[in-house]
Amino acid sequence: MNIVTVIQARTGSSRLPGKVLMPLAEAPLIVRMVERVMISELAGKVVVAITDESSDDILEKICKENNFLFYRGSRDDVLDRHYQASKILNAEAVVKIPSDCPLIDAKIIDKVIGFFIEHSSEFDFVSNLHPATYPDGNDVEIMHFSILEDAWKNAKRKLEREHTTPYIWENPEKFRIGNVKWETGLNYSMTHRFTIDYPEDYEFIKRVYDELYHKNPKFGLNDILQLLEEKPEIKKINEKYLGVNWYRNHLNELKTITADQTKII
């Protein structure tokens, strides 16, 4: 199966502009992010899908300097960016990973992709998000290319174009939806925040990198959890944003998401 993993990225984040360029262990966040995804054994071709705005020329430069595949497309139609990047690379299956997950664990990526491969005849779409159980910032979604193409052709609402996959997971009567839960039986999706959207998130992530990266660049989820147990003050850095995600602004539009899956701020 020709798998293509798409990491969507742009410098123009509304809440934290330039977050993908912020330094982590002497490199831009986007570089560390792509490196972590490339540790995955099943991710296939990894492509950074950036916008065609001039402000993202810097991301093209970074991709070229690091020999990363990249595609440039629509700023707001992220679904189209995923579709076009995947089509160019002749994907049979497409993995979606956002660029705001620089602590993502490659073993989790492999677990979700591996489950999809094993059950590819049973599911159209598999993620670890419906419902989520891993710490926020380990987001992995994978679908057959034909399913992404279906969404590309038929998704009409703004949130469906902007967030790529809601058209799929919001229509369980049309698509066969699979989910991978954390094997521990724990649910840290609302209690641990490893994603970046606010300055405090960056300070948290930077601290984790400062503590772990130079000892082991491939540090994973268990290493992070052990660090937070040993130094609980680190977890407090961004704790006011625990559970905050994009769902909060669309609860009246999303039929498969409930209020307890997000936090209103």
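Figured I'd write up the structure that's included with this text. (Residues numbered from 1 in each chain as written. Predicted model: local features only at pLDDT ≥ 70, side-chain atom pairs only at ≥ 80, totals over all residues. Heavy atoms only, no water.)

1. Quick look at the overall build of the chain
Where we set the bar: Numbering goes from the N terminus for both helices and strands, where a helix is a DSSP run of H or I of at least four residues and a strand is a run of E of at least two. Remark: exposure states derive from per-residue accessible area (1.4 Å probe, protein chains only) relative to the maximum for the residue type, with buried under 20%, exposed over 50%, and partly exposed in between. Accessibility throughout is a Shrake-Rupley quantity obtained with a 1.4 Å probe, and a residue counts as covered only by protein chains that appear here.
Secondary structure summary: the chain contains 10 helices and nine strands in total. Along the three orthogonal principal directions, the C-alpha set of the chain runs to about 45 × 40 × 35 Å. In the chain, which comprises 265 residues, the share counted as buried stands at 57%. Accessible area for the chain stands at about 11700 Å²; split by element, carbon and sulfur atoms hold 50% of it.

2. A short note on a nonpolar patch on the surface
We count it as follows: Here the term patch refers to residues with relative accessible area over 30% and no salt bridge, with like charges joined within 9 Å and nonpolar side chains (Val, Leu, Ile, Met, Phe, Trp, Tyr) within 5 Å. We count a salt bridge whenever a side-chain nitrogen from Lys or Arg sits within 4 Å of a carboxyl oxygen from Asp or Glu.
A cluster of nonpolar side chains, namely Met1, Leu42 and Ile117, defines an oily patch on the protein surface of about 240 Å² accessible area. Position of Ile117 among the secondary structure elements: in helix α4 (residues 106–118). The class for Ile117 is partly exposed, based on a relative accessible area of 36%.

3. Notes on the side chain of Asp139
Put simply, the test is: His is not counted, nor are the chain ends; Lys and Arg add positive charge and Asp and Glu add negative charge. Side-chain atoms alone can form a polar contact between residues adjacent in sequence; in general such a contact is a pair of N or O atoms within 3.5 Å, and within protein one must be able to donate a hydrogen while the other accepts it. Here a residue-residue contact requires only that any non-hydrogen atoms of the pair lie within 4.5 Å.
Within the secondary structure layout, Asp139 lies in the loop between β7 (125–127) and β8 (141–144). Lys96 provides the closest opposite charge to the buried, unpaired Asp139, separated from it by 6.7 Å. Of note is the side chain of Asp139, whose polar atom sits 3.4 Å from the backbone nitrogen of Gly137. Sequence-distant contacts of Asp139, that is, excluding residues within four places in its chain, are made with Lys96, Ile97, Pro98, Cys101, Ile104, Asn128 and Leu129.

4. Concerning the nonpolar core
The condition is simple: Take the buried residues of types Ala, Val, Leu, Ile, Met, Phe, Trp, Tyr and Cys, join any two whose side-chain atoms come within 4.5 Å, and each joined set is a nonpolar core.
Core analysis: the largest hydrophobic core is formed by 57 residues, its most contacted members being Ile30, Val37, Leu103 and Val208. Broken down by secondary-structure element, the contributors of at least two residues to this core are β1 (3–8), α1 (29–39), β4 (45–51), α2 (57–65), β6 (93–98), α4, α8 (199–212) and α9 (221–230). Here Ile30 is in contact with Ile7, Ala9, Val20, Val48, Leu59, Ile62 and Ser99, once residues within four sequence places are set aside. Counting 26 residues, the second-largest nonpolar core is a separate cluster that includes Leu79, Ala151, Ile168 and Tyr247.

5. Observations regarding the pattern of salt bridges
Within this structure, the stated rule accounts for 23 salt bridges. For the salt bridge of Arg15 with Asp197, the shortest nitrogen-to-oxygen distance reads 3.1 Å. Of this pair, Arg15 sits in the loop between β1 and β2 (23–24) while Asp197 sits in the loop between β9 (177–179) and α8, and the two are 182 residues apart along the sequence. Given a relative accessible area of 38%, Arg15 falls into the partly exposed group. Look at Asp197 and you get buried, because its relative accessible area is 13%. Linked through salt bridges whose partners overlap, the residues forming this network are Arg15, Lys19, Asp100 and Asp197.

6. Focus: the environment of Pro23
Examined against the element boundaries, Pro23 turns out to sit in strand β2. Overall, the relative accessible area of 48% leaves Pro23 in the partly exposed class. Along the primary structure Pro23 and Ser127 are separated by 104 residues, whereas in three dimensions their C-alpha atoms are 29 Å apart.

7. Thoughts on the sheet that holds β1
Note the threshold: Two strands form a pair only when DSSP identifies at least two bridges running between them. The axes used here are C-alpha line fits, helices contributing only the stretch in contact, and every angle between their N-to-C directions lies in the interval 0 to 180 degrees.
If you walk across this open sheet you meet the seven strands as β5-β4-β1-β6-β8-β7-β9, and the pairing is mixed. Two strands bound the open sheet, and with one partner strand each, they are β5 (69–73) and β9. Neighbour-to-neighbour, the strand axes of this sheet turn through a mean angle of 25 degrees, independent of strand direction. Packed onto the sheet, helix α5 (residues 145–154) meets β6 and β8 and runs at close to 90 degrees relative to β8.

8. Let's talk about helix α3 (residues 78–88)
Burial analysis of α3 places eight of its 11 residues in the buried class, which makes it a mostly covered element. When α3 is considered as a whole, its buried residues turn out to be Val78, Leu79, Asp80, Arg81, His82, Tyr83, Ala85 and Ser86. Residues of α3 that are buried in the fold lie against β1, β4, β5, β6, α5 and α6 (158–162).

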